[in-house]
Amino acid sequence: MATARQCRDPSAPTQRAPAPAGIPPRTVVLVGLMGAGKSCVGRRMAARLGWPFVDADDEIVKAAGLCVADIFSLYGETAFRDCERKVMARLLDGPPHVLAAGGGAFMDDRTRALIRARATSVWLRADLEILVARTAGRTHRPLLNTGDPRETLRALMERRYPVYALADLTVTTGPDSADHTANQVLAAVASGGPDGAGPPTDGGQAMDTGRDDSQDTQTP
Ligand SMILES: Nc1ncnc2c1ncn2[C@@H]1O[C@H](COP(=O)(O)OP(=O)(O)O)[C@@H](O)[C@H]1O
Ligand SMILES: O=C(O)C1=C[C@@H](OP(=O)(O)O)[C@@H](O)[C@H](O)C1
Ligand SMILES: [Mg+2]
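Residues numbered from 1 in each chain as written. Chains lettered and ligands numbered in written order. Predicted model: local features only at pLDDT ≥ 70, side-chain atom pairs only at ≥ 80, totals over all residues. Heavy atoms only, no water.

**Student:** What is the right way to read the UniProt feature "binding site: Mg(2+)" (unreviewed entry) in the protein chain from this model?
**Tutor:** UniProt's feature table lists "binding site: Mg(2+)" (unreviewed entry) at Ser39, given in the numbering used throughout. As for its position among the elements, Ser39 is in helix H1 (residues 38–49). Owing to a relative accessible area of 26%, Ser39 belongs among the partly exposed residues under this scheme. Ignoring anything within four residues of it in the chain, the contact list for Ser39 reads Phe53, Asp55 and Ala100. (UniProt positions renumbered as here; feature names shortened; annotations may be inferred. Helix = DSSP H or I, 4+ residues; strand = E, 2+ residues; numbered from the N terminus. Buried < 20%, exposed > 50% of the residue type's maximum accessible area, 1.4 Å probe, protein only. Contact = heavy atoms within 4.5 Å.)

**Student:** Sorry if this is basic, but what is going on with the site of ligand 1 here?
**Tutor:** The environment of ligand 1 is formed by 16 residues, the closest being Gly35, Gly37, Lys38, Cys40 and Asp176. Within the backbone of Cys40, an N or O atom sits 2.9 Å from an oxygen atom of ligand 1. At 3.3 Å, a side-chain N or O of Arg138 approaches an oxygen atom of ligand 1. Per-element accounting of the shell around ligand 1 gives the leading share, 4 residues, to H1. Taken together, the residues of the shell around ligand 1 sort by class into 6 nonpolar, 4 polar and 6 charged. (Near = heavy atom within 4 Å. Polar contact = N/O pair within 3.5 Å; in protein donor to acceptor, adjacent residues only side chain to side chain. Nonpolar A, V, L, I, M, F, W, Y, C, P; charged D, E, K, R; others polar.)

**Student:** I tried to follow the pattern of salt bridges on my own but got confused; where do I start?
**Tutor:** When their charged atoms lie close together, side chains carrying opposite charge are able to pair. Scanning all chains against the criterion turns up 13 salt bridges. The shortest N-O distance in the salt bridge between Arg44 and Asp179 comes to 3.4 Å. Note that Arg44 is positioned in helix H1 and Asp179 in helix H8 (residues 178–191), a separation of 135 residues in sequence. Like Asp179, Arg44 is buried. Measuring nitrogen to oxygen at the nearest pair gives 2.9 Å for the salt bridge that ties Glu77 to Arg81. Of the two residues, Glu77 and Arg81 both sit in helix H4 (residues 77–92), 4 residues apart, roughly one turn of that helix. For Arg81, a relative accessible area of 14% translates into the label buried. Three or more residues joined by partner-sharing salt bridges are found here, namely Glu59, Lys62 and Arg90. (Salt bridge = Lys/Arg side-chain N within 4 Å of Asp/Glu carboxyl O.)

Next up, the structure:
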């Protein structure tokens, strides 16, 4: 049976310091584009918290008995999103864990509503160069297997970033290590945002962005 591609970074998490105090016992869902590091960073966060780590794509693959690319090619993206929604609903019903969503999950209105109701969502934001570099040479993401991956990612950024910005928290990931990003996300979750005001209920708070947050267009 086909299995999902695992995070290929061979290095185990190196930050063994205790996780910051104040992490609420609530599932943390990482959202963001392909290559942002949701799977790798999520695994490291879970290790630090001593919580389970779940990769939604892996669960979809288990449920379907097919790899993601085969689900897309045999049944289409709509069928994949339906499966993804059901799998996310099941996972979000479970005890607190770190959950790496697939890049499109938060774009689905019903999946996004579930995430916002049952978890703390964190957008791992990355620029185009980082995303291109981290997805290059990989074939398990069907959306990047046709056309120019850079152009596909650029178009997805335009369409998706205004929606990802609805996550409770935003952490920008650059050339730093995955361990560093994991620490940043944990600190953001512990403080509830840059001012420690607790996760917002309407829109998100940016953490460590250093960039222009304004996105005024939203394409479904
Ligand atoms: N600082 C970093 N943070 C996260 N991932 C990184 C980092 N540096 C390199 N990577 C690599 O980027 C690739 C994509 O990461 P992945 O977690 O699969 O992204 P996503 O799940 O968001 O699509 C992986 O091969 C990972 O090892
Ligand atoms: O952005 C997307 O629509 C997708 C992202 C992938 O997950 P990653 O973001 O973990 O690569 C995977 O769910 C599928 O290929 C579709
Ligand atoms: Mg992933």
